Each structure stands twice: as structure tokens, then as C-alpha cells.
Amino acid sequence: MAFPEDVLTEDEHVVLHLHPHWKTMVRSVVVLVFAIAAVAVGVLFLPAGGGGSITLAVIGGLALLAVLVLTVWPWIGWRTTHFLFTNERVVLQHGVFSRERRDIPLSRVNDHSMNQQFVGRLLGYGTLTIESAGERGQSVLPDVPKVDRVQTKLYELVEAFHDKHSLGDGELREILAERDTKGGGL
């Protein structure tokens, strides 16, 4: 499921759109492989007809149930989990039947850090923690792919946002000089 573009403001554009790292789906793939293998073994080794057919139907039904619960459902959850970084905010969204979304405006990002365990460094994922001003404070994004690059991009986005929405020394001097020439100061 793609992230709905209609949640973006007029001047907002997506810089990064991520799902959790693929490693979150490893267990689901293993379950799928074992389910297929169990059915294949049943087809090859169980006798045709009678008790063999009933046993094969039971194996097939259990395999189908395992695939639905342990493969399809986690995949849907993975696809509906979004880490979206725009030029205005960070949007965290997840949920299949009910949806939860958290928007963190770049103006409220106070700090961000990343953590990678050994396996995470090998596979290229980690945890990104974003600290923001407000009630909730900290948002932890687990299993972020290429977390080091994402953290760097978040830093760049926050700096660009602050630069765009704040006055530089030269601009402040120009405003003060213009005020002094028009109004004669205080």
C-alpha cells in the first residue's frame, strides 16, 4: 500500500519514504518455505486415497493457516508501516484496519540519534530515535534501513528547514537598517 500523497501540504514534498528493514520478514519467509515443504513432502510420501488424502488435507489446511497468520499478515503490517521524511516533517504511520499516524514537524526536532547492534551493522539497519518538543517527546523507529544515511538526511532536512525559516545576520541587519531609515529608530 503506497503512502497517500493527499496528506502532504501544498509546498511539501517527500524526501525519503521507507518501510522497516527486510529482516523483519525473515521469519515469515521461513514459515512460507516450511509450509510449502510440508505440503510437498505430504504429496510425495503419503499414499493416495483414504487416510493419506485426509492427512494431506490436514497438512495443507495447517500450512495454509500458518502462511496466512505468520506470513501474509506480517507482510501486510510491514507494507502499511511507513517512515516518511519530507521537507516539512517526519510522518510515522502504521496499522492495517486502524491507522495510527504521528507527525513531527522539523521545527520541533530537538535531537536525533541512531543505534546499531552488530547484526544491524552487518545487514544495514538500526534504530532511529527522534526527540521532539511536545507531549510525546521521543519517537523510536526500529529496524530503519540504512539508518546512518537516514539520520544524516534528517540532520540535513532539519538544518535546511531552520535556514529557510530563520533570518541570517545579513538579513537582520538589512531589516534594522531599513527600519532606521524609515522610522528613525526607537
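Up top is the structure these notes are about.
As the structure is a prediction and not an experimental result, all values here were calculated from the model.

J.: Explanation requested: the nonpolar core in the structure shown.
T.: Within soluble globular proteins, side chains that are nonpolar generally end up buried alongside one another. Within the largest apolar cluster, 18 residues are counted, with the highest numbers of intra-cluster contacts made by Phe85, Val90, Leu128, Ile130, Leu141, Val144 and Leu154. Of the residues forming this core, the biggest block, six residues, is contributed by helix α4 (residues 147-164). What Leu154 contacts, discounting residues up to four positions off in sequence, is Phe85, Val90, Leu106, His112, Leu128 and Ile130.

J.: I'm lost on a nonpolar patch on the surface in this one. Help?
T.: Where nonpolar side chains cluster on the molecular surface, the patch consists of Ile54, Val58, Leu62, Leu64, Leu65, Leu68, Val69, Leu70 and Val72 and spans about 800 Å² of accessible area. Checked against the element boundaries, Leu62 lands in helix α2 (residues 50-79).

J.: What is the right way to look at the sheet that holds strand β3 (residues 89-94) in this model?
T.: Neighbouring strands of a sheet are bound in pairs by backbone hydrogen bonds; such pairs are parallel or else antiparallel. Pairing within the open sheet is antiparallel, and its four strands lie in the order β1-β2-β3-β4. Bordering the open sheet on either side are β1 (14-18) and β4 (100-105), each of which pairs with just one other strand. Neighbour to neighbour, the strand axes of the sheet diverge by 10 degrees on average, direction disregarded. The sheet contact formed by β1 and strand β2 (residues 82-86) spans four bridges and is antiparallel. Residue Val14 lies in a different strand from β2, and its bridge partner there is Thr86. Sitting on the sheet, α4 touches β1, β2 and β3, and the angle it makes with β1 is about 155 degrees.

J.: Looking at this structure, how should I read the side chain of Ser139?
T.: Mapped onto the elements of the fold, Ser139 is located in strand β7 (residues 138-145). You can call Ser139 buried: its relative accessible area is 6%. Residues contacting Ser139, with those up to four places away along its chain left out, are Leu92, Arg102, Ile104, Leu128, Thr129 and Ile130.

J.: Where do I start with the packing of helix α1 (residues 26-45) against α2 in this structure?
T.: Working note: a packed helix pair is described by the angle between its axes plus the distance between those axes. Remark: α1 packs on α2, axes separated minimally by 9 Å, with the N-to-C direction vectors making an angle of 170 degrees. Considered as vectors, α1 and α2 are oriented roughly antiparallel to each other. Where α1 crosses over α2, the two elements pack in a sense that is left-handed. Residues Arg27, Ser28, Val31, Leu32, Ala35, Ala38, Val39, Gly42 and Val43 of α1 touch α2, and the partners they reach there are Leu56, Ile59, Gly60, Ala63, Ala66, Val67, Leu70, Thr71 and Pro74. The residue inventory of the contact of α1 with α2, partitioned by class, reads 13 nonpolar, four polar and one charged.

J.: How do you make sense of the side chain of Glu12 when you look at a structure like this?
T.: Inspection of the secondary structure assignment puts Glu12 in the segment before β1. Polar side-chain contacts of Glu12 include one of 2.9 Å to the backbone nitrogen of Thr9. Of the polar contacts made by the side chain of Glu12, one reaches the side chain of Arg89; its length is 2.7 Å. Among all residues touching Glu12, those that are not within four sequence positions of it are Val7, Thr86, Asn87, Glu88 and Arg89.

J.: What is the right way to read the pairing of β3 from this model?
T.: Moving residue by residue along a regular strand, the side chains alternate between the two faces of the sheet. Of all six residues in β3, five are buried; the element is thus mostly enclosed. Of the strand pairs in this sheet, β2 and β3 are connected by four bridges, and their pairing is antiparallel. Paired with Phe83 across the bridge in β3 is Leu92.

Cut-offs applied
- Residues numbered from 1 in each chain as written.
- Predicted model: local features only at pLDDT ≥ 70, side-chain atom pairs only at ≥ 80, totals over all residues.
- Heavy atoms only, no water.
- Core = buried A, V, L, I, M, F, W, Y, C linked by side-chain atoms within 4.5 Å.
- Buried < 20%, exposed > 50% of the residue type's maximum accessible area, 1.4 Å probe, protein only.
- Helix = DSSP H or I, 4+ residues; strand = E, 2+ residues; numbered from the N terminus.
- Contact = heavy atoms within 4.5 Å.
- Patch = residues over 30% accessible without salt bridge, like charges linked within 9 Å, V, L, I, M, F, W, Y side chains within 5 Å.
- Areas by Shrake-Rupley, 256 points an atom, 1.4 Å probe, with all protein chains shown as cover.
- Salt bridge = Lys/Arg side-chain N within 4 Å of Asp/Glu carboxyl O.
- Pairing = 2+ DSSP bridges.
- Axes fitted to C-alpha atoms, helices over the stretch in contact; angles between N-to-C directions.
- Parallel < 35°, antiparallel > 145°, perpendicular 65-115°, else oblique.
- Left-handed = near helix turned anticlockwise from the far one by under 90°.
- Nonpolar A, V, L, I, M, F, W, Y, C, P; charged D, E, K, R; others polar.
- Polar contact = N/O pair within 3.5 Å; in protein donor to acceptor, adjacent residues only side chain to side chain.

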